[in-house]
Amino acid sequence: MKTGIIGAGRVGCSIGKYLTDNGKTVIGYYSRTYENAAEAAEFTGTDCFRKMEELVALSDTLFITTPDGQIGAVWDCMKEMSIDGRMICHFSGSLSSDVFTEVEERKAYSASIHPMLAFRDKFTSYRQLHNCFFTMEGNPYALRQLEELLRELGNPYCLIEAAEKAKYHCAASVLSNDVLALLDMGFGLLMECGFTEKEALYAAKALISGNVENVLENGTVSSMTGPVLRGDVFTVKKHLDVLEGEEREIHRLLGKRLLRMAERKQEMGAIGRRTEADWAVSEQLRRKYQEINDLLS
């Protein structure tokens, strides 16, 4: 596989460095801004090109790592070139390989691949790719090539349907960006209580890291704690009373989700219940869950 990379931003630099560090052949980079391509080439020990055609001619695999909105324009240019037998692959999380219109007529093979990783820096994010999970979809031949590459690199992966790309990317966004929004809300509440931002970050460190570790090891339902799970109607009400506006609505909706999770956790635990006392406790908790549901509705 001789790979040419179009796009010299954070993803392009990181993928190129990861490949070259693992002994894979990267021909070089093309970017609309030549200086960016030159910088990426220097970082990865490869070449840079002023014309896309030159890079395409020397490559059997083309990785398009541009922002989503530019992938279609790159393809419109590329499909006018000689690309017979080449694999064309973009790295968008939300777009599928369907963006490569008329690819079969051009006798090329299309795919999309997405690393489940937040690329925060051009020159350091590649270090996290060794244990990164990838998702892929596209032409069967292209997928076989990508699967072989990832197996050689030691990366886990999953094949998904093109129609599921938008939902998949939404899931990744919820697990990444939406979590940040919730953390920002929590830190803001601590600061309203008198914490400085630095104190809030330090105070929450063990709570956040412990919770994440538990979830990754045991799943969300098994990791649940808190007032909703134990049916603490009084505390749930107090929390709602101290919030207003958008924050109250966010907390209310998350509470409804937590309530459904709590019910699932109780159902899981009910399998081992045998005594009459156990069932009485379970029935009492169900009544409290109903009260919480009424509060959150």
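Basis of the calculations
- Residues numbered from 1 in each chain as written.
- Predicted model: local features only at pLDDT ≥ 70, side-chain atom pairs only at ≥ 80, totals over all residues.
- Heavy atoms only, no water.
- Pairing = 2+ DSSP bridges.
- Helix = DSSP H or I, 4+ residues; strand = E, 2+ residues; numbered from the N terminus.
- Axes fitted to C-alpha atoms, helices over the stretch in contact; angles between N-to-C directions.
- Contact = heavy atoms within 4.5 Å.
- Buried < 20%, exposed > 50% of the residue type's maximum accessible area, 1.4 Å probe, protein only.
- Arc of directions from axis to C-beta.
- Right-handed = clockwise from strand over helix to strand, strands pointing away.

A.B. asks: Pulling in residues and values, what's your account of the sheet that holds strand β1 (residues 2-6)?
C.D. replies: Across the sheet, which stays open at both edges, the eight strands sit in the order β3-β2-β1-β4-β5-β6-β7-β8 with mixed pairing between neighbours. Since the sheet does not close on itself, it has two edges, and those belong to β3 (47-49) and β8 (157-159), each with one partner. Going from strand to strand, the sheet's axes swing by 25 degrees on average, the running direction of each strand aside. In terms of strand pairing, strand β7 (residues 134-138) meets β8 through three bridges, oriented parallel. Residue pairing across strands places T135 opposite C158, the latter belonging to β8. Along the sheet, helix α2 (residues 34-44) contacts β2 (25-30) and β3; its crossing angle with β3, the most-contacted strand, is approximately 165 degrees.

A.B. asks: Any chance you could break down helix α9 (residues 233-241) for me, citing the residues and the numbers?
C.D. replies: Residues lying three or four places apart along an α-helix face the same way, a consequence of the helix completing one turn every 3.6 residues. For α9, the full list of buried residues reads V233, T235, V236 and L240. An end-on view of α9 places all buried positions within 170 degrees of arc, on one side of the element.

A.B. asks: Could you give an account of the side chain of S31, naming the residues involved and the relevant values?
C.D. replies: Its place among the elements puts S31 in the loop between β2 and α2. For S31, the residues in contact, after removing those within four places along its chain, are A8, N36 and A37.

A.B. asks: Can you lay out the pairing of β2 for me, pointing to particular residues and giving the numbers?
C.D. replies: Along β2, five of the six residues are buried, which leaves the element largely enclosed by surrounding structure. Pairing of β1 with β2 involves five bridges; the strand directions are parallel. Looking across to β2, one finds that I5 is bridged to Y29. Each parallel crossover has a hand, and the one from β1 via helix α1 (residues 10-21) to β2 is right-handed. Sheet topology places β2 next to β3; three bridges connect them, and they run parallel. What sits directly across from G28, in β3, is D47. In this region the chain leaves β2, passes through α2 and returns to the parallel neighbour β3; the handedness of that crossover is right-handed.

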